[in-house]
Amino acid sequence: MRRVVVLPERGKLIVATDLQGHVDDFERITAIFERAAREPDGAVLVVTGDLVHGPELAEMDWPDYLGSYYEGDSPALLERARELQNRYPGRVHYLLGNHEHAHVGGPIVAKFFPDEAMRLEELLGDEGTLAMRAWFRTWPFVAVAPKAQLVMLHAAPHARIQSRDDLENLSLDGCTGLTLEEMAARGTLGALLWARTTSSERAWSFLRAIHSNARVAVYGHDVARTGYAIDREPMLCVSTSFGCFDGDKMYLEWDLAESATSAEDVARRGLRLLHPGAPAVHRVAF
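All values reported here derive from a predicted model rather than from experimental measurement. Residue numbering note: each chain is counted from 1, following its sequence as written. For this predicted model, a pLDDT threshold of at least 70 governs which residues receive local features, and a threshold of 80 or more governs which side-chain atom pairs are given and counted, while totals over whole chains, interfaces and linings are taken from all residues. The side-chain figures draw on all heavy atoms in the structure; neither hydrogens nor water molecules are used.

## A closer look at the overall build of the protein
Note the cut-off: Counting from the N terminus, the helices are the DSSP runs of H or I reaching at least four residues and the strands are the DSSP runs of E reaching at least two. Computation of the radius of gyration draws on C-alpha atoms, with the globule rule given as 2.2 Å multiplied by the number of residues to the power 0.38. Contacts are residue-level and defined by heavy atoms, with any inter-residue pair within 4.5 Å sufficient. Each accessible area is a Shrake-Rupley estimate made with a 1.4 Å probe; only the visible protein chains count as cover when residues are assessed. His is not counted, nor are the chain ends, whereas Lys and Arg count as positive and Asp and Glu as negative. A charge is said to be at NZ when it belongs to Lys, at CZ for Arg, at CG for Asp and at CD for Glu.
Along the backbone of the protein there are 9 helices and 11 strands. At 17 Å, the protein has a C-alpha radius of gyration in line with the 19 Å of a compact globule built from 286 residues. The C-alpha extent of the protein, read off along each of the three principal axes, is 45 × 45 × 35 Å. Taking all contacts inside the protein whose residues are at least 6 apart in sequence as the whole, residues at least 24 apart take part in 73%. If you sum the accessible surface of the protein, you get close to 12000 Å²; carbon and sulfur atoms cover 48% of it. For the protein, the separation between the mean place of its 30 positive charges and that of its 41 negative charges on side chains is 7 Å.

## Brief notes about the pairing of strand 2 (residues 12–16)
This is how the line gets drawn: With a 1.4 Å probe rolled over the protein chains alone, any residue whose accessible area is under 20% of its type maximum counts as buried; one over 50% counts as exposed, and the rest are partly exposed. Should DSSP find at least two bridges between two strands, the strands are regarded as paired. When the strands point away from the viewer and the connection leading from the first strand across the helix to the second strand turns clockwise, the crossover is called right-handed.
For strand 2, the buried fraction is high: 5 of the 5 residues fall into the buried class. With burial as the criterion, each face of strand 2 is covered, one bearing Lys 12, Ile 14 and Ala 16 and the other bearing Leu 13 and Val 15. The pairing of strand 2 with strand 3 (residues 43–47) spans 5 bridges and is parallel. When the sheet's bridge partners are listed, Ile 14 is paired in strand 3 with Leu 45. Remark: the strand 2/helix 1 (residues 23–37)/strand 3 crossover connection has right-handed handedness. Looking at chain direction, strand 2 and strand 10 (residues 250–255) are connected through 4 bridges and run antiparallel. Bridge pairing links Leu 13 to Trp 254 in strand 10.

## Here's the deal with the nonpolar core
A general tendency of soluble globular proteins is for nonpolar side chains to be buried together. The criterion, for reference: Here, nonpolar core refers to any group of buried Ala, Val, Leu, Ile, Met, Phe, Trp, Tyr and Cys residues whose side-chain atoms link them within 4.5 Å.
Formed by 64 residues in total, the largest nonpolar core has its most connected members in Leu 51 and Tyr 94. Once you skip the residues sitting within four places of it in the chain, Tyr 94 turns out to touch Phe 26, Val 47, Leu 51, Ala 81, Leu 84, Gln 85, Trp 135, Trp 139 and Pro 140. If you look at the next biggest cluster of nonpolar residues, it comprises 26 residues, including Ala 148, Leu 252, Ala 263 and Leu 273.

## Overview of the packing of helix 2 (residues 74–87) against helix 4 (residues 116–136)
A pair of packed helices is captured by two measures, namely the crossing angle of their axes and the spacing between those axes. Filter applied, for reference: To get an axis, fit a line to the C-alpha atoms, keeping to the stretch in contact for a helix; angles then go from 0 to 180 degrees between the N-to-C directions. Any angle that falls under 35 degrees is termed roughly parallel, while one over 145 is termed roughly antiparallel, one within 65 to 115 roughly perpendicular, and all others oblique. Note on convention: the crossing is left-handed when the near helix lies turned anticlockwise from the far helix by less than a right angle, right-handed when the turn is clockwise. The nonpolar class holds Ala, Val, Leu, Ile, Met, Phe, Trp, Tyr, Cys and Pro. Asp, Glu, Lys and Arg form the charged class, and all remaining residues, Gly among them, are polar.
At their nearest, the axes of helix 2 and helix 4 sit 11 Å apart, and the two run at 30° to each other. In terms of orientation, helix 2 and helix 4 fall into the roughly parallel class. Two packed elements cross with a definite hand, and for helix 2 against helix 4 that hand is left-handed. Residues Ser 74, Pro 75, Leu 78, Ala 81, Arg 82 and Gln 85 of helix 2 touch helix 4, and the partners they reach there are Leu 120, Leu 123, Leu 124, Ala 131, Met 132, Trp 135 and Phe 136. By residue class, the composition of the contact of helix 2 with helix 4 is 10 nonpolar, 2 polar and 1 charged.

This is the structure we're talking about:
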């Protein structure tokens, strides 16, 4: 089990963030990835965590701040995600997010239920829960594309690390009783899974610890209602699904053999609309 997965230097890279139980959006990403996978050099898919824990609300109760309506179905999404990874061994990578961590040693997450993990585990049953937990424990924290000079992770690159080994030795356990505020302040693991932003200095330090040539960090965790946000270089926050309207949702498509120069460069040349025909709500012309 590796906490940092190294991607190949050829082929197409597809990056999606924060599905949170949205089966239809996952199926769209799957179709995009499988189409790219049929190209001569193939493709790699990276989903930067938070596959699970979506809303289960009636459409009449749906608030505008959650974007386009959907009914979260984490069990169905997990089943499809596992099947996709099995069909493309070594080519589909799910990174651990704070919502997955809630099942394997992390604090309670209470967005739509008092305990999101408990709700999902009740739906899965004992056997399904054990299988899910075992799978989540194999998920890496980071994916790095050396030639493309991209680093992907769940949250902002705020963690203070000296090398990849600091992540390889990191335990998921011991955080169950913490509040979210305590977890966010809990050193490397808290930063990896909960940070929404950081300074350029901290971000560059993290990137160089992962790979000496890395130029851009791509992550999710926060909701960028316009589809993406660049608070400062070298950080590109992408919102593929949760919390956005369909016309604002974006994913990243990048040639693994092509070097990135900056977050602005990656956004300009690599971001794609998940639903090209849907009208923009918060997104500026793209």
